[in-house]
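Inside the fold
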Amino acid sequence: MKAFANNIIPFSPTHPGEVLKDEIEFLKISQCKLAAQMGVSYSVLNGILNLKRPVNVEFALRVEAALGLEAEMLINLQTRYDIHTTRANKDFMKKLKEIRKKIDDPFMKIF
């Protein structure tokens, strides 16, 4: 990830819930009806639409069956979102920095 003078990260990935929310609004389908059609609870669907829960493979395949949105696209969006938000976690990035330091240490070489 590149550092910028103003500390602004120029890219913000899309959570798959945003895409799904736009789609159901366009199709004028209620969350309750879609959740029932997909065989998931309303709270699970609502959590994803409100970006509070991640999309997993099973859920993505259910969306594909119900709405025709490709499961792989939803999973790819979730993966990019997860990577971006994890890289924004300063505590986790410090842990990665420590791992990299250990690998650079000649006494800690793995190979």
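See above for the structure.
Since the model is a prediction, treat every value here as computed from it, not as a measurement.

Brief notes about the packing of helix α2 (residues 31-38) against helix α4 (residues 57-67)
The contact between α2 and α4 brings their axes to 9 Å, and the two run at 105°. Classified by the angle their axes make, α2 and α4 are roughly perpendicular. Residues Leu 34, Gln 37 and Met 38 of α2 lie in contact with α4, whose contacting residues are Phe 59, Arg 62, Val 63, Ala 66 and Leu 67.

Quick look at helix α1 (residues 16-27)
Residues separated by three or four positions in an α-helix point in the same direction, a consequence of the helix having 3.6 residues per turn. Taking 1.5 Å per residue as the helical rise, α1 with its twelve residues ought to reach 16 Å, and the 17 Å between its terminal C-alpha atoms agrees with that figure. Those residues of α1 not exposed but buried are Pro 16, Gly 17, Leu 20 and Ile 24. The buried residues of α1 occupy one face: seen down the axis, they fall within an arc of 95°. In α1, the exposed positions that point more than 90 degrees away from the buried face belong to Asp 22 and Phe 26.

Looking at the environment of Asn 46
Within the element layout of this structure, Asn 46 appears in helix α3 (residues 42-49). A C-alpha to C-alpha distance of 9.0 Å links Asn 46 and Cys 32, two positions 14 residues apart in sequence. There is a polar contact of 2.8 Å between the side chain of Asn 46 and the side chain of Gln 31.

Looking at the side chain of Gln 78
Among the secondary structure elements, Gln 78 is positioned in helix α5 (residues 71-87). Within the structure, the side chain of Gln 78 is placed 2.9 Å from the backbone nitrogen of Val 55, a separation counted as a polar contact. A polar contact is formed between the side chain of Gln 78 and the side chain of Asp 82, at a distance of 2.8 Å. Setting aside residues no more than four positions away along its own chain, Gln 78 makes contact with His 15, Pro 16, Pro 54 and Val 55.

Describing the pattern of salt bridges
All told, the structure shown has two salt bridges when counted by the stated rule. With a closest N to O distance of 3.1 Å, Glu 58 and Arg 62 form a salt bridge. Taken as a pair, Glu 58 and Arg 62 lie in helix α4 at a separation of four residues, close to a single helical turn. Given a relative accessible area of 27%, Arg 62 falls into the partly exposed group. A salt bridge links Lys 101 to Glu 98, with the nearest nitrogen and oxygen atoms 3.4 Å apart. Of this pair, Lys 101 and Glu 98 both sit in helix α6 (residues 90-104), three residues apart, roughly one helical turn. Here Lys 101 falls in the partly exposed class, since its relative accessible area comes to 47%. Its relative accessible area of 39% is what places Glu 98 among the partly exposed residues.

Reading the values: rules and limits
Residues numbered from 1 in each chain as written. Predicted model: local features only at pLDDT ≥ 70, side-chain atom pairs only at ≥ 80, totals over all residues. Heavy atoms only, no water. Axes fitted to C-alpha atoms, helices over the stretch in contact; angles between N-to-C directions. Helix = DSSP H or I, 4+ residues; strand = E, 2+ residues; numbered from the N terminus. Parallel < 35°, antiparallel > 145°, perpendicular 65-115°, else oblique. Contact = heavy atoms within 4.5 Å. Expected span 1.5 Å × (residues − 1). Buried < 20%, exposed > 50% of the residue type's maximum accessible area, 1.4 Å probe, protein only. Arc of directions from axis to C-beta. Polar contact = N/O pair within 3.5 Å; in protein donor to acceptor, adjacent residues only side chain to side chain. Salt bridge = Lys/Arg side-chain N within 4 Å of Asp/Glu carboxyl O.

Scope: geometric values only; no functional claims are made or implied.
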